[in-house]
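# An overview of the molecular structure
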Amino acid sequence: MKLKGQDNKRSVFLKKVLIGIVSIVVLFIGFLFFLKLYQPLVAYPSASANDKQVQLVSVGNKSPFGDIQIEEVLVNDKVVPSKVKIQVSYHPKGFIISDHFNGEEESEYTFKGLDSITLKPKTDPQKQLDKVNAGNATEDDTIYALSLVHEQSIDRVIIKYHHLSMSHELVVSMVGL
C-alpha cells in the first residue's frame, strides 16, 4: 500500500534530479560554445622587409590555461608560404627579420618548425610589452613570432591552430605595415 506523501516526495525528488541534469547539460553546451568562439591566439604584424615578401608576426596565447599548437600558416589567398618558422626569444634579445634562417647573424636566434613548439599560456604580446614598459620583463618571459617568406608581397596571414582540442582560424591583415 502506497502512501500519498511518498508519491509526492518521489515526484519532487525526480523533478530536482531532472532539473539538475538539464542544468548540467546546458552548462556543458554553453562551455563548448564559449570555447569555440573564444580566440586565445593573439597576433600582430611586427615588421616587414623586401617589399613585404618577408614578414614578422608577433604571436602569443592570451588564455590562462592550455597551450596553442599552430597547425598551418597560409598567406594571401590561402597559399602556403615559401618558408615559415616560429622564433622563440625573450624581450631583451627580441627577434630578427630575415629571408633565410641559417646565416651567421640568424644563428644567434632560435627558429623552430610549427610542429615542434606550442605557445604557452599568458604570452599575449601586448601584455608582454606592458611588462617591458613597466620594467618587469625578465629572460623567463618567452615571446614568439612567426617568420614568413614568400615570393610575392604578403598582405594577409591565415593561422590555423588548436587550443583545448578545438580548431580555430585567425586572419591577420598586414596592410598598413
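Here, every reference points to the structure presented above.
Described in the following lines is the structure provided in the data block. (Residues numbered from 1 in each chain as written. Predicted model: local features only at pLDDT ≥ 70, side-chain atom pairs only at ≥ 80, totals over all residues. Heavy atoms only, no water.)

### Regarding the sheet that holds strand 4 (residues 83-90)
Selection rule: Note: two strands are recorded as paired if DSSP finds a minimum of 2 bridges between them. The secondary structure listing takes helices from DSSP runs of H or I that are at least 4 residues long and strands from runs of E that are at least 2 residues long, numbered from the N terminus. Interaxial angles span 0 to 180 degrees and are taken between N-to-C directions of axes, which are lines fitted to C-alpha atoms, for helices over the stretch in contact.
Taking strand neighbours across the sheet as the criterion, the five strands line up as 1-2-6-4-5 in an open arrangement whose pairing is antiparallel. Where the open sheet ends on each side, the last strands, each with one partner, are strand 1 (41-49) and strand 5 (110-112). Each neighbouring strand pair of the sheet contributes to a mean axis angle of 30 degrees, computed without reference to strand direction. The sheet contact formed by strand 2 (residues 54-61) and strand 6 (residues 142-149) spans six bridges and is antiparallel. In the strand pairing of strand 6, Leu-56 is matched with Ser-147.

### Thoughts on the sheet that holds strand 7 (residues 156-163)
Reading across the sheet, the three strands line up as 3-7-8 and stay open at both edges, with antiparallel pairing between neighbours. Strands at the two margins of the open sheet, each flanked by one partner only, are strand 3 (68-75) and strand 8 (166-173). Averaged over all pairs of adjacent strands, the angle between their axes in this sheet comes to 20 degrees, without regard to strand direction. As judged from the seven bridges shared by strand 3 and strand 7, these two strands associate in the antiparallel manner. For Ile-68, the partnering residue across the bridge sits in strand 7 and is His-163.

### Some details on the pairing of strand 8
Keep this limit in mind: Only protein chains enter the accessibility calculation, which uses a 1.4 Å probe. A residue is then buried if its area is under 20% of the maximum for its type, exposed if over 50%, and partly exposed in between.
With burial as the criterion, only one face of strand 8 is covered, namely that bearing Met-166, His-168, Leu-170 and Val-172; the residues Ser-167, Glu-169, Val-171 and Ser-173 on the opposite face remain uncovered. Two elements, strand 7 and strand 8, share eight bridges in a ladder whose sense is antiparallel. Bridging across to strand 8, Ile-159 finds its partner in Leu-170. Connecting strand 7 to the antiparallel partner strand 8 that follows it, the hairpin turn spans two residues, and Leu-164 within it adopts a positive phi of roughly 50 degrees.

### Things to note about unusual backbone geometry
Apart from glycine, the bulk of residues carry a negative phi angle, and the bulk of peptide bonds sit in the trans form. For Asn-50, which is not glycine, the phi torsion reads 50 degrees and is therefore positive. Summarising the element assignment, Asn-50 is placed in the loop between strand 1 and strand 2.

### A word on the nonpolar core
The following threshold applies: In plain words, nonpolar cores are sets of buried Ala, Val, Leu, Ile, Met, Phe, Trp, Tyr and Cys residues tied together by side-chain atoms within 4.5 Å. For this analysis, residues touch if any pair of their heavy atoms sits within 4.5 Å.
Ranked by size, the top nonpolar core spans 22 residues in total, and within it Leu-41, Val-57, Val-59, Ile-70, Leu-146, Val-157 and Ile-159 carry the most contacts. Where this core is concerned, the elements lending two or more residues are strand 1, strand 2, strand 3, strand 6, strand 7 and strand 8. The element that contributes the greatest number of residues to this core is strand 3, accounting for four residues. Other than its neighbours up to four places away in sequence, Ile-159 contacts Leu-41, Ala-43, Val-59, Ile-70, Glu-72, Leu-146, His-168, Glu-169, Leu-170 and Val-172. Within the second largest apolar cluster, five residues are counted, among which are Ile-96, Phe-101, Phe-111 and Val-149.

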